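Residue-level listing of the chains:
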Amino acid sequence: MQRTSIKITKEKLDLQECYNFVEDDSCGGIAAFVGTVRNDTQGKEVKQLDFSTYKPMAIKEMQKIADATLEKFDVKKIAIHHAEGMLQIKDIPVIITVSSKHRKAAFLACEFAIDTLKETVPIWKKEYFSDGEVWVNAHP
Amino acid sequence: MKIQTLFFGITTDLVGVASLDLEISEATTIIDFKNYLKQKYPALDKIDSYAVAVNESYAADNLLLKENDVVAIIPPVSGG
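## A short note on the overall build of chain B
- Scanning chain B from N- to C-terminus turns up two helices and five strands.
- Beginning at the N terminus, the succession of helices and strands in chain B can be written as β-α-β-α-β-β-β.
- Looking at the 80 residues of chain B, the share that counts as buried comes to 30%.
- Counting only contacts in chain B whose residues sit at least 6 apart along the sequence, the fraction spanning at least 24 positions is 55%.

Right under this line is the structure:
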């Protein structure tokens, strides 16, 4: 039984697909994190975001996170899907769903997975403003 | 020996290319390679730090590079 679903795509991410993947008869709940493109950064209006990836490595790192999540928490299945390319305000760059027997593990696992993704997965976003563009996090 | 170097995110803009074939000496570690890049591309100094991946895995500073390795320059990530 496949317990992890990993994807990076230029297509629109599909919450239903992530939900369906983790559904399981033995589970009492599914937690989902859906990232969305926000319209401002520190008070400055964002027009759009461009996501670029080192795709083969990003897939490997996402798989590592999924495997570590299954190892660390009492959860059944996990899906981690990330978008690449240009996204507009309200578009969805990332979806993580996790199913578990009891809800607590699913919440914790979901938080662990998104936090780790933001630290380790080689994906970069460039913010586009009306007067220019900036690589996010490049100058911490 | 020959290695391939890939640049991502802001480093693509700083260096001006996404990929380079480089000739480096034997017994080059990641830290040596970072110093070499710093001399060749002073613009890389504009970012505080970056990670290096070799053949699609994060590499420690003391790792020795081998012929035909694919070395990726990974500036701070910002996915999600």
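## A look at the sheet that holds strand β2 (residues 19-23) of chain B
Residue and element names in this part refer to chain B.
- Read across the open sheet, the five strands follow the order β2-β1-β5-β3-β4; overall the sheet is mixed. Single-partner strands in this sheet number two, and they are β2 and β4 (57-58).
- Relative to strand β5 (residues 70-74), strand β1 (residues 2-7) runs parallel, the two sharing four bridges. Bridged to Phe-7 within β5 is Ile-73.

## Some words on helix α2 (residues 55-72) of chain A
- Between the first and last C-alpha of α2(A) there are 25 Å, a value that for 18 residues agrees with the 26 Å anticipated at 1.5 Å per step.
- The complete set of buried residues in α2(A) reads Met57(A), Ala58(A), Glu61(A), Met62(A), Ile65(A), Ala66(A) and Thr69(A).

## Thoughts on the sheet that holds strand β7 (residues 94-100) of chain A
All names here are of chain A.
- The strand order β1-β5-β7-β2 describes an open sheet built from four strands, whose pairing is mixed. Two strands lie at the open edges of the sheet, namely β1 (4-9) and β2 (29-35), each paired on one side alone. This sheet shows a mean twist of 5° between the axes of neighbouring strands, independent of strand direction.
- With seven bridges connecting them, strand β5 (residues 75-83) and β7 associate as antiparallel partners. Within β7, the residue paired with Lys-77 across the bridge is Ser-99.
- Across the face of the sheet, helix α3 (residues 103-120) comes into contact with β2, β5 and β7 while running at roughly 150° to β7.

## A word on the interface of chain A and chain B
- Between chain A and chain B, the contact holds 23 residues from the first and 15 residues from the second.
- Of all the elements in the fold, those that place two or more residues in the side of chain A that touches chain B are α2, α3 and β8 (123-129) of chain A.
- Residue composition of the side of chain A that touches chain B, grouped by class: 15 nonpolar, five polar and three charged.

## A short note on the nonpolar core
- Ile78(A), Ile80(A), Ile96(A), Val98(A), Ala113(A) and Ala72(B) are the most contacted members of the largest nonpolar core, which has 51 residues in total.
- When residues in this core are grouped by element, the largest group, seven residues, is from α3(A).
- With near-sequence residues (within four places) excluded, Ala72(B) lies in contact with Tyr54(A), Met57(A), Leu6(B), Phe8(B), Val52(B) and Ala53(B).

## A look at the pairing of β5(A)
All names here are of chain A.
- Among the nine residues in β5, nine count as buried, and that is most of the element.
- Both β1 and β5 contribute to a ladder of six bridges, which runs parallel. Looking at the pairing, Ile-6 lines up with Ile-80 of β5.

Thresholds, definitions, all that
Residues numbered from 1 in each chain as written. Chains lettered and ligands numbered in written order. Predicted model: local features only at pLDDT ≥ 70, side-chain atom pairs only at ≥ 80, totals over all residues. Helix = DSSP H or I, 4+ residues; strand = E, 2+ residues; numbered from the N terminus. Buried ≥ 20, exposed ≤ 12 C-beta atoms within 10 Å, placed from the backbone. Contact = placed C-beta atoms within 7 Å. Pairing = 2+ DSSP bridges. Expected span 1.5 Å × (residues − 1). Axes fitted to C-alpha atoms, helices over the stretch in contact; angles between N-to-C directions. Nonpolar A, V, L, I, M, F, W, Y, C, P; charged D, E, K, R; others polar. Core = buried A, V, L, I, M, F, W, Y, C linked by C-beta atoms within 7 Å.

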